[in-house]
Structure formats: C-alpha cells, structure tokens
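Spelled out from the first residue to the last, the chains are:
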Amino acid sequence: MYAPSLLEPAAEELRLADVVGAAGVARAARTLLGERFSSVTFMYVLMRAFEVEYTAARDASRWHEFHGGPRALSDADLEKLLAPWLSR
C-alpha cells in the first residue's frame, strides 16, 4: 500500500486530464501511477479525483484490465458504473 501523499498528485493530474470516458480515465490512471497502479490505487485516485463513492470505486476495481473472471467489468460496464461521477 502506498501513502496517500504519493497518490494525491496522480489524483489531481487525473482530475485535470483531458480524457474521455471511464475506460479512458482508468487507462490514464494506469499511466500516471506507473508501477504503483493496482486495483487499490485505482480506487483511491477515483475517489479523490472524482469523489466516487467507495462502493462504486470498489466495483470499478473489478475492471477487466486488472483481472478476468466472471465478475470482471467490461469497458461498457465501467462506463455505466462511473457515469454519475464522470459526467459532472
């Protein structure tokens, strides 16, 4: 786990980034976080950058590019899940 002070700059950059859609946000987070990118750090920067509720951020961490399986979210699922926060 990383200290919040290491993740705050990435959350701020993500908030200001010119990206389209939830999958774009997830891919931008991966780029910004580099080796620190994981489902947990993704949750953190989502909550900080876009004020995503914990349960939605937790569900977003099941995005298919983290891991597969029957409960993995497709890009379309991720878009639908995060639309209330990313459309503001």
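Everything below is about the structure printed above this text.
These figures come from a predicted structure and were not determined experimentally.

Thresholds applied
Residues numbered from 1 in each chain as written. Predicted model: local features only at pLDDT ≥ 70, side-chain atom pairs only at ≥ 80, totals over all residues. Heavy atoms only, no water. Phe/Tyr/Trp six-rings, centres within 6.5 Å; stacked < 30°, edge-to-face > 60°. Helix = DSSP H or I, 4+ residues; strand = E, 2+ residues; numbered from the N terminus. Buried < 20%, exposed > 50% of the residue type's maximum accessible area, 1.4 Å probe, protein only. Salt bridge = Lys/Arg side-chain N within 4 Å of Asp/Glu carboxyl O. Contact = heavy atoms within 4.5 Å.

**Quick look at the packing of aromatic side chains**
Logical step 1: For the structure on display, the rule yields four aromatic pairs.
Logical step 2: Considering the side-chain rings of F37 and F42, the 6.1 Å spacing of their centres and the 55° angle between planes classify their relative orientation as tilted.
Logical step 3: On the basis of an interplanar angle of 25° and a centroid distance of 5.1 Å, the ring pair of F37 and F66 is categorised as stacked. Of the two residues, F37 sits in the loop between α2 (21-33) and α3 (39-50) while F66 sits in the loop between α4 (54-60) and α5 (75-86), which places them 29 residues apart along the sequence. F66 matches F37 in its accessibility class, with the two residues each being buried.
Logical step 4: Of the aromatic side chains, those joined through ring pairs into one cluster are F37, F42, W63 and F66.

**Some remarks on the pattern of salt bridges**
Pairs may arise between side chains of opposite charge once their charged atoms sit close together.
Logical step 1: Applying the stated criterion across every chain, the model contains six salt bridges.
Logical step 2: One salt bridge connects E8 with R48, and the closest N-O pair in it is separated by 2.9 Å. On the criterion of sequence distance, the pair formed by E8 in helix α1 (residues 4-16) and R48 in helix α3 is long-range, its members being 40 residues apart.
Logical step 3: For E8, a relative accessible area of 25% translates into the label partly exposed.
Logical step 4: Relative accessible area serves as the criterion here: at 49%, R48 is assigned to the partly exposed category.
Logical step 5: If you follow the salt bridges from partner to partner, you end up with R27, R30, E65 and D75 in one network.

**Brief notes about the environment of D75**
Logical step 1: You can see D75 is positioned in helix α5.
Logical step 2: Under the relative-accessibility criterion, D75 is labelled partly exposed at 26%.
Logical step 3: Here the alpha-carbon distance between D75 and A23, two residues 52 residues apart in the chain, equals 5.7 Å.
Logical step 4: Every residue in contact with D75, bar those within four places of it in the chain, is listed here: A23, R27, W63 and H64.

So, to be careful, I would describe these as geometric facts and stop short of saying anything about function.
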